[in-house]
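Chains, contacts and geometry: an overview
Each chain is listed here by its residues.
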Amino acid sequence: MRIEQCSFCGAPVYPGHGQMFVRNDCKIFRFCTSKCRKNFGMKRNPMKLKWTKTFRKANGKELAVDSTMDFERRRHCPVKYNRELVQDTLKVMKRVEEIKQRRQRDLWEKRMERAAKQEKRDAVTALKHNIDWIEDVEVKHVARDDMVAVQSETEQKKTKRREAARKRVAKQREVEKAAGMSTKTSSVKK
């Protein structure tokens, strides 16, 4: 049983499902649904449609470049049947799948970490504008403390970025000076 991939969205197409389109140049396209076939017919770019795997991989939502993907590639060289080889292959396939799942989970956690930081920033801006709406004094003080902590954290990050930028500029100037000096000395020697 061979599971093909949809030529438009990248979803799996199981045997007996989907549609196949053969172009005049004998290139075969497989589609999982009529939605994919119609979008292909309208010459839409799958990289611009958020629901396709192509878009998700291009925008860092899913693993795109990973060594575990090499095992999924189709190989066109026939191999003579060997029972031990099949058993070893099945063991390796399970292990590769575990590794792939772990890496996908790590990627998801990293993405959600960024989302949590953004939510925190949004909450702080909402607090900044609407802190007067809070009637309970204790809750108001806790909210103010949280707001001050987040603001000081952002200020520290800004100062670190500024220092890094200054160091980069200073380093660039030193390199330019050294390059300028070497060109002057080389022109004097001639």
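Described in the following lines is the structure provided in the data block. (Residues numbered from 1 in each chain as written. Predicted model: local features only at pLDDT ≥ 70, side-chain atom pairs only at ≥ 80, totals over all residues. Heavy atoms only, no water.)

This paragraph deals with the overall build of the protein. The secondary structure content of the protein amounts to four helices and four strands. In the protein, the succession of helices and strands from N to C terminus is β-β-β-β-α-α-α-α. Computed over its C-alpha atoms, the radius of gyration of the protein comes to 28 Å, more than 25% above the 16 Å expected for a compact globule of 190 residues. Projected onto its principal axes, the C-alpha positions of the protein cover 80 × 65 × 45 Å. Accessible area of the protein: about 16,400 Å², with a carbon and sulfur share of 54%. Of note, the protein has its 50 positive side-chain charges centred 10 Å away from the centre of its 26 negative side-chain charges. (Helix = DSSP H or I, 4+ residues; strand = E, 2+ residues; numbered from the N terminus. Rg over C-alpha atoms; globule rule 2.2 N^0.38 Å. Areas by Shrake-Rupley, 256 points an atom, 1.4 Å probe, with all protein chains shown as cover. Lys, Arg positive; Asp, Glu negative; His and termini not counted. Charge placed at Lys NZ, Arg CZ, Asp CG, Glu CD.)

Moving on: the pairing of strand S4 (residues 28–31). Only one face of S4 is covered, namely the one carrying Phe29 and Phe31; the face carrying Ile28 and Arg30 has none of its residues buried. As paired strands, strand S3 (residues 19–22) and S4 are joined by four bridges and run antiparallel to one another. Bridging across to S4, Gln19 finds its partner in Phe31. Remark: five residues form the turn of the hairpin made by S3 and S4, two consecutive strands paired antiparallel; Cys26 in that turn has positive phi of roughly 70°. (Buried < 20%, exposed > 50% of the residue type's maximum accessible area, 1.4 Å probe, protein only. Pairing = 2+ DSSP bridges.)

Core analysis: the largest hydrophobic core is formed by eight residues, namely Cys6, Phe8, Cys9, Val13, Phe29, Phe31, Cys36 and Leu49. Not counting residues up to four positions away in its chain, the partners in contact with Cys36 are Cys6, Phe8, Cys9, Phe31 and Trp51. The next biggest cluster of nonpolar side chains, apart from the first, holds five residues, and it includes Ile131, Ala143, Met147 and Val150. (Core = buried A, V, L, I, M, F, W, Y, C linked by side-chain atoms within 4.5 Å. Contact = heavy atoms within 4.5 Å.)

With that settled, consider helix H3 (residues 83–130). With 48 residues, H3 extends 69 Å between its outermost C-alpha atoms, agreeing within 8% with the 70 Å of an ideal straight helix rising 1.5 Å per residue. For H3, the complete set of buried residues consists of Val96, Ile99, Lys100, Arg111 and Val124. The N-cap residue of H3 is Asn82: its side-chain oxygen and the backbone nitrogen of Glu84 are 3.3 Å apart. (Expected span 1.5 Å × (residues − 1). Polar contact = N/O pair within 3.5 Å; in protein donor to acceptor, adjacent residues only side chain to side chain.)

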